[in-house]
Amino acid sequence: MVVGEVAEGVDLLVVGAGPGGYTAALRAAALGRSVLLVDRLGDAGIGGVCLQVGCIPSKALIEVAEVAHRSAGFADAGLTVGEVSVDLARFQEWKAVKVGGLTGGVAELLRRAGVEVAAGEFRFTRPGSGVLQSADDRPPRHLEYTDVVLATGSRPVELPGLPRDGERVLSSTDALALSSLPASIAVVGGGYIGLELGTAFAKLGATVTLVEATDRLLPGVDAALLRPVRQRLRAVGVEVLLGHRVEGLADGVLTATGDSGEVRVAAEKVIVAIGRRPNTDGLGLARIGITPDERGLIPVGPDRMAAPHVAAIGDITAGPALAHKATAEGEVAAEALCGRPAAFDPAAIPAVVFSDPEIAVAGYSADEARALGMDVAVARLPLSASGRAATMGAVEGFTQLVVDRSVDAVVGVHIVGPHASELIAEGVLAIEMAASPVDLLASIHPHPTLSEMTSDVARVLLHQPAGATVPASAPAAS
Ligand code: NAD
């Protein structure tokens, strides 16, 4: 700040208006703080990547693709439909209305809570001060804050040999904004985004090739959960190229190198989805004594405090880059900065892949639990045991329970199948409450529903012989 510039006092500053940031802002306001929420995009940034260009738009596309595709799958049940087509231009209009409704709702909550929202890039100048620079010609605002929550999120990693141009080489954001369906798409990266978007575009009718550098899709997810997904990928015509690292384009054609040499993939569009990197580089963190780690993540304590009066949450801290983790951390950070005892200490952070079928996991895998020295029992119930699944025409999948016998508590729940994303919440609750398999079995589940799989798999676990692991076949539920 130079002589003559006037600093504005800010009680509690939140940087970044995504799910973490706006949650922190609302919680702090509810606790009586006067809050300024800043985002590079101002009001247009409310909801962040999740609402604007991530979770919500992608689920809209996945839903439409699934409905379009599924209607053809009931011919055996006597259902005949005419030719189904999807107009992506109209989809974009519909999606914009849905996203606008949701972001408008959050904006209204912020308004009612008395949170001021401002546009601009914030960077620290020294402890307790920073400058907010807007993209237009407005002069920078010099802010002197009492407390600050950093919630700046992450951005897609780019491949040096395949820079995004928004035309041929697309980020997931570009892909979700397409208003016409490309004939062919190559997706680089077989992680969350690659699987979700690759499957959706294939269902809409594009020829999709998924290229993954490692020898499996979704590295880090239990291989058994992937089997039904691989089957569906084959069924919808997605070609999967494992063990091939994409380097770039040669003569306009995508090149990937693997053990068998170089493979060329001709595609009208290339979607690059190889991970995300935290937005911590432009914040001037060195000026307030914060040093991000080698991945750019800000070290924080259980209360999410990174330095005195500075909290950091969401994708810029260690752990999965998931909206619901950021939201939970936003609550903790706001409480901690308001002098309340608060800690982010979940027993399980669920992870969901909106693949086909969906994969949802919470807690430990059996291998992880064993590595931690737990006395592990595992039971798995195939979806073919579910009457409700049969009526949905869905038979591929399972629910798996991992229990630590030494404390008689559920420590892991893994589901692959329709609506796994919804069903996992009960698993999270079970882990968080240290429920026993008996608790799950004694809680009467409605019939006929997919949710019965959770109590039925507990029955399998309780009734299987001591020492048995995953049963080859499980009793069918009526
Ligand atoms: P990801 O980390 O899930 O997967 C990236 C994949 O790209 C990995 O499998 C990696 O091996 C592969 N890869 C890296 N370099 C490559 C190369 N040169 N050639 C071929 N493959 C290569 O990343 P993502 O799919 O970009 O998603 C980013 C993050 O966003 C996720 O990790 C997740 O945290 C979040 N996300 C969550 C959801 C959800 O909750 N349903 C959905 C989408 C994204």
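Bear in mind the structure is a predicted one, so any value in this text is a computation, not a measurement. (Residues numbered from 1 in each chain as written. Predicted model: local features only at pLDDT ≥ 70, side-chain atom pairs only at ≥ 80, totals over all residues. Heavy atoms only, no water.)

1. Remarks on the side chain of Ser58
Inference 1: Tracing the backbone shows Ser58 in helix H3 (residues 55-70).
Inference 2: Engagement of the side chain of Ser58 in a polar contact is seen with the side chain of Lys59, the distance being 2.9 Å.
Inference 3: The contact partners of Ser58, leaving out residues within four places of it in the chain, are Leu176, Glu196 and Leu197. (Helix = DSSP H or I, 4+ residues; strand = E, 2+ residues; numbered from the N terminus. Polar contact = N/O pair within 3.5 Å; in protein donor to acceptor, adjacent residues only side chain to side chain. Contact = heavy atoms within 4.5 Å.)

2. With respect to the site of the ligand
Inference 1: The environment of the ligand is made up of 24 residues, and the closest members are Ile193, Glu196, Glu212, Gly275 and Val352.
Inference 2: At a separation of 2.9 Å, an oxygen atom of the ligand approaches a polar backbone atom of Ile193.
Inference 3: Gly275 is positioned such that a nitrogen or oxygen atom in its backbone is 2.9 Å from an oxygen atom of the ligand.
Inference 4: Here the ligand has 840 Å² of accessible area as a free molecule, and 81% of this is covered by the chains.
Inference 5: Elements represented by at least two residues in the shell around the ligand include exactly helix H6 (192-204) and strand E12 (245-250).
Inference 6: With three residues, the single largest contributor to the shell around the ligand is H6. (Near = heavy atom within 4 Å. Areas by Shrake-Rupley, 256 points an atom, 1.4 Å probe, with all protein chains shown as cover.)

3. Re the UniProt feature "binding site: FAD" (unreviewed entry) in the chain
Inference 1: The UniProt record marks Lys59, Thr152, Gly153, Ser154 and Asp315 with the feature "binding site: FAD" (unreviewed entry), using the residue numbering of this structure. Spatial dispersion of the annotated residues is evident: they stretch over 257 residues in sequence, and the largest pairwise C-alpha distance comes to 22.6 Å. If you take the residues mentioned a moment ago, the ones lining the second largest pocket come down to Lys59.
Inference 2: The partly exposed category is assigned to Lys59, whose relative accessible area is 23%.
Inference 3: Sequence-distant contacts of Lys59, defined by excluding residues within four places in its chain, comprise Glu196 and Phe354.
Inference 4: One can find Ser154 in strand E7 (residues 154-156).
Inference 5: By relative accessible area, Ser154 is classed as buried at 8%.
Inference 6: Once you skip the residues sitting within four places of it in the chain, Ser154 turns out to touch Val49, Arg276, Arg277, Pro278, Asn279 and Asp315. (UniProt positions renumbered as here; feature names shortened; annotations may be inferred. 1 Å grid on protein atoms, 1.4 Å probe; cavity = no way out; pocket = protein on both sides within 12 Å on 5 of 7 lines; lining within 4 Å. Buried < 20%, exposed > 50% of the residue type's maximum accessible area, 1.4 Å probe, protein only.)

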